[in-house]
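What the coordinates show
Here is what each chain is made of, one letter per residue.
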Amino acid sequence: MNDALATGLGGLAVLVALIALRMPIAYAMILVGGVGVALLNGPDIFMSQLKTLAYGQFSIYDLSVVPMFVLMGAIATRAGLSRDLFRAAAAWLGWLPGGAAMSAIAACAGFGAVCGSSLATASTMGQVALPELRRLGYSDALATGTLAAGGVLGILIPPSVVLVIYAVIVEANIVTMFMAALIPGILAVLLFLATIALYVRLRPEAGPAAPRPTRAELTEASLRVLPVLGIFALVIGGIYLGFFNPTPAASIGAFLVWIYGAARGTVGLKALRGALLETARTTGMIYLILLGAEMLKIFMSRGGVPQAMAEWMANSGLAPMAVLLILLAALIALGCLMDSLSMILLVIPFFWPALVEINGGDYVPAAEAAFGMTTEDLKVWFGILALIVVELGLITPPVGMNVFVISALSGGVPMRRTFLGVAPFFFAELIRVGLLIALPALTLWLPRALS
Amino acid sequence: QEYVFKLHHFLSAKAPAHARMLEPWARRVEANSGGKVKIEIYPAMSLGGKPPELIQQVRDGVVDLVWTVNGYTPGAFPRTEAFELPGVFLNDPAAANVAMRRMFDDELSKDYDGVEVMFLHVHAGQGIHMVDKLVRKPEDFAGLKLRIPTRTGAWAIEALGAAPVAMPVPELPQALSKKVVDGALIPWEIIAPLRLQQQTRYQIEGHDQTRIGTTTFQVSMNKARWDSLPDDVKKAFRDASDEDWLREVGRIWRASDDAGIALAVSAGNEHVVLTPEETDALLAALEPVQRRWIEEVSARGIDGAALIARARALMAQNASR
Amino acid sequence: MTRENARPAAGDMAGGAARGPHDAPDHAPDDAPGPFERALARAAELWALGGGALLCAVVLMNVWSVVASAVAGAPFPGDFELTEMGVCVAVFAFLPHCQMSGANVTADIFTMGASRRWLAAFSLAGSLAALCFSALLLWRMWFGMTDQMTYGYTTAILQIPHWQAFALILPSLALLAAASAATLARDLRALLRS
Ligand code: NA
Ligand code: NA
């Protein structure tokens, strides 16, 4: 092992120790980055860089879409969108065996289309759907497991905050990433629905069917959900079709959700105040981690770590696909301990240069590339795979945040039962990762077709 | 090696500016120093920050050397900006590079407090890339949305009656393909990395490769670091950055530019070259930009008219074409 | 495990699942915040709402720009740089409220079984880090602002001097330092009591 790798590993060890001792992740990164640079090149450099670094990081245009989507989700949570979505989905699917759980998945997907965060989706939909599943006599495991898994769709269906951060780190086009995420997102919904169908086939008592709705109920519920679909179509459709860039699109989305809530009387001054404070907490937290990650990157670059890591991996003699699988497995393992954003920020800056190196460099033609695709395509494909596996961390034990949120909402379902309930969905996700690895076209086709 | 320098810049290591300009220059310095100097190049902002921070990083000694675009900090290099103006820079990067060197001590150096400039250079000039509308006359620009290249480039777009739109370079292909903008002012050299041949139909330039102004770049060292160097090391840097090198830099950028337009043409794009009369009409319509600039810098006590006159004279004197 | 203590979305209703280290059940009644702490929390909240209002203004400006660009072919002049600057100033304004409300991502898997004394000590270390960093950043960004003035850095289209944004950010950092001091005092009290 050379000096650079030793520096990197030493820094990472201290970082993990600090994080384990409950130091906020942002400050742990800032501390390791700052002290690391000072040890490598003297304290003056870090002091000078602090004059402008935070200002520069916080004013990156591509990142401005993050607070906008957070705001949109925060208002959507309070606007009553979730109830309309679930009612419409239940009208269509509720009468099937396991139908109410399927409706919850569909509604989570719909909510994910206006919200960029998993936890927000899980908790918002959980509040609406859990009581209904309970009332219908669903088993605790299926009810809570479904909602914990459904929350993950908040990130997998664009827009997605984690995807924006990934795009900024690897310099990918955000619009391309959003396009690439759509088919895998729909695939996730289908696999989740299939999982529920299989579950209730094996255990019919876990998910009894609801009575069929009347035609009038069906029409009414469907009509009420049209505004949500309209907003999603305008925001994401507008981005896909290129009417506007992500930041203006997110602004329009936040604005329309606000108007919708105000018109329905659900978003008044008090709700807006709550939405703004929630946006402040979530955005402040994300940006502080971004700043910490930048400082850590400076330390690692000065130590020559990313280059050494890329060379080491390229010369490891492992098959490219084996390296990819190891990386994904490492992310799943890390997901047991860390949140998705911190993982992406901590790990991608090292993994990505290594993958580029293995693939054959930035401008390698697809025919000569180790992964059989250009590095531009690899960036998109790997990004979607990484997104899925880091989100799995939300539903894996020992602790998954979505499971926490749903268990708390359920008021009494033990965490262990929720983890059991979510396990089938975890395996559905592994199947999906397998499909996406085997068929890169699932990810790459839509961006190509649309551009 | 006794002297190790970190050179920081914003493009990837595969960009021509890195591979064909910065790498060879660094190797020249190292060779001149007889092995006393080592220059480590850090591409793609890998030492942190975003591109506009580069100039402050070198002023503060966060890094030893930077290559950066003057326009990232608009208005911070007012004298050098004369070379970016449409109608001042026409078509000869090598001549512009040499002219900036000759004007440096007396006229331009006041722009560069806190840094020691190794060399200044320009790219081959802003060409006009259009999605589907052919523009030949000033009237054709009315009501169009064009992506700005520089501060004064925005003024040029306004002078033509079009709306200037600012956006990061990576977003340009998407914006063009969806007609968020109708076109862009940017050199041909950018065609290959952004695959602009796919989003545009017309590449338009004036007669004899006349462009709508250009962008100035600098390679600079932290002032204190420079002052601490012994004369022989200073000489290694100076010799590597002589006027022959400046002409070579002009050729390097011209070659990347030619490669870009060749790619566009081979992809079926139309390379439109305006007639001398059309070129003159366009430059005449851009005349207000120079006046606006002269007025603005005079408020800061700078004789803009004299800078333009001297720049023109020196570029003519050192013409490479 | 990682906790996103900001209670992202609807977390207000999600109860204890995603609570911050300083939130209710951990604290005995005698941990109730003093008047100074309450006033500071209020100030941080108002300041964050000011940032939120600025964010809303940026949202409206972007909406305006899209509509004007589609209808009249003329986007809001400088929309790009106003978005960058506005979001940046707003995010700095959010930070004091984050600190006061414990909105930091922390991992507590290894410390789940730790005693209250140790938890208070860890929390104290986090507050100390926040205090040191905010004070350091305040000091350094003051010089950042004077640099921006000295060299006349401005935005490209509207030519807004960047130091003006710094001037709005420095109070946020001062408030962040004060908030960190308050959480530090709170953690210290908790440590002494345990
Ligand atoms: Na989403
Ligand atoms: Na987990």
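In this text the structure is predicted, and so the values were computed from the model without any measurement. (Residues numbered from 1 in each chain as written. Chains lettered and ligands numbered in written order. Predicted model: local features only at pLDDT ≥ 70, side-chain atom pairs only at ≥ 80, totals over all residues. Heavy atoms only, no water.)

**A few points about the interface of chain C and chain A**
On the side of chain A, 66 residues touch chain C, which itself brings 73 residues to the contact. Here chain C packs against chain A, burying approximately 6300 Å² in sum over the two surfaces, 75% of which is carbon and sulfur. For A:Arg273, the salt bridge goes to C:Glu45, with nearest N and O atoms at 2.3 Å. The interface formed by chain C and chain A includes five residue pairs in polar contact (both at pLDDT 80 or more). Listing elements by their share of the side of chain C that touches chain A, those giving two or more residues are strand S1 (2-4), helix H1 (35-72), helix H2 (79-100), strand S2 (105-107), helix H3 (116-151) and helix H4 (162-193) of chain C. Considering each element in turn, the side of chain C that touches chain A owes the most residues, 16 residues, to H3(C). Within the side of chain C that touches chain A, the residues separate by chemical class into 48 nonpolar, 15 polar and ten charged. (Contact = heavy atoms within 4.5 Å. Buried area = accessible area lost by both parts, 1.4 Å probe. Salt bridge = Lys/Arg side-chain N within 4 Å of Asp/Glu carboxyl O. Polar contact = N/O pair within 3.5 Å; in protein donor to acceptor, adjacent residues only side chain to side chain. Helix = DSSP H or I, 4+ residues; strand = E, 2+ residues; numbered from the N terminus. Nonpolar A, V, L, I, M, F, W, Y, C, P; charged D, E, K, R; others polar.)

**Describing the confidence of the model for chain A**
Put simply, chain A has an average pLDDT of 90, and 99% of its residues get 70 or more. Taking the mean pLDDT of every element in chain A, the minimum, 82, falls on helix H15 (residues 305-314) of chain A and the maximum, 96, on helix H4 (residues 53-58) of chain A. (pLDDT = per-residue confidence, 0-100.)

**Here's the deal with the packing of helix H4 (residues 151-159) of chain B against helix H12 (residues 287-298) of chain B**
All names here are of chain B. Running from N to C, H4 and H12 point in directions that differ by 135 degrees, and their axes come no closer than 9 Å. Compared by their axis directions, H4 and H12 come out oblique. Judged by the sense of rotation from one axis to the other, the crossing of H4 with H12 is right-handed. Residues Arg151, Thr152, Trp155, Ala156, Glu158 and Ala159 of H4 touch H12, and the partners they reach there are Val289, Arg292, Trp293 and Glu296. Taken together, the residues that form the contact of H4 with H12 break down as five nonpolar, one polar and four charged. (Axes fitted to C-alpha atoms, helices over the stretch in contact; angles between N-to-C directions. Parallel < 35°, antiparallel > 145°, perpendicular 65-115°, else oblique. Left-handed = near helix turned anticlockwise from the far one by under 90°.)

**Remarks on the interface of chain A and chain B**
How big an interface is tends to be expressed through the accessible area that disappears when the partners come together. Listed per partner, the contact involves 32 residues of chain A and 24 residues of chain B. Here chain A and chain B share an interface that buries about 2200 Å² over both sides, 46% of which is from carbon and sulfur atoms. Contact with chain B buries surface across chain A, with A:Asn245, A:Arg302 and A:Tyr363 losing the most and accounting together for 22% of the total. Linking chain A with chain B are one salt bridge. Taken together, chain A and chain B are joined by eight residue pairs in polar contact (both at pLDDT 80 or more). Of all the secondary-structure elements, those providing two or more residues to the side of chain A that touches chain B are helix H3 (43-49), H4, helix H11 (174-202), helix H12 (215-240) and helix H14 (269-302) of chain A. Top contributing element to the side of chain A that touches chain B by residue count: H14(A), with five residues. Class assignment of the residues belonging to the side of chain A that touches chain B gives a composition of 13 nonpolar, twelve polar and seven charged.

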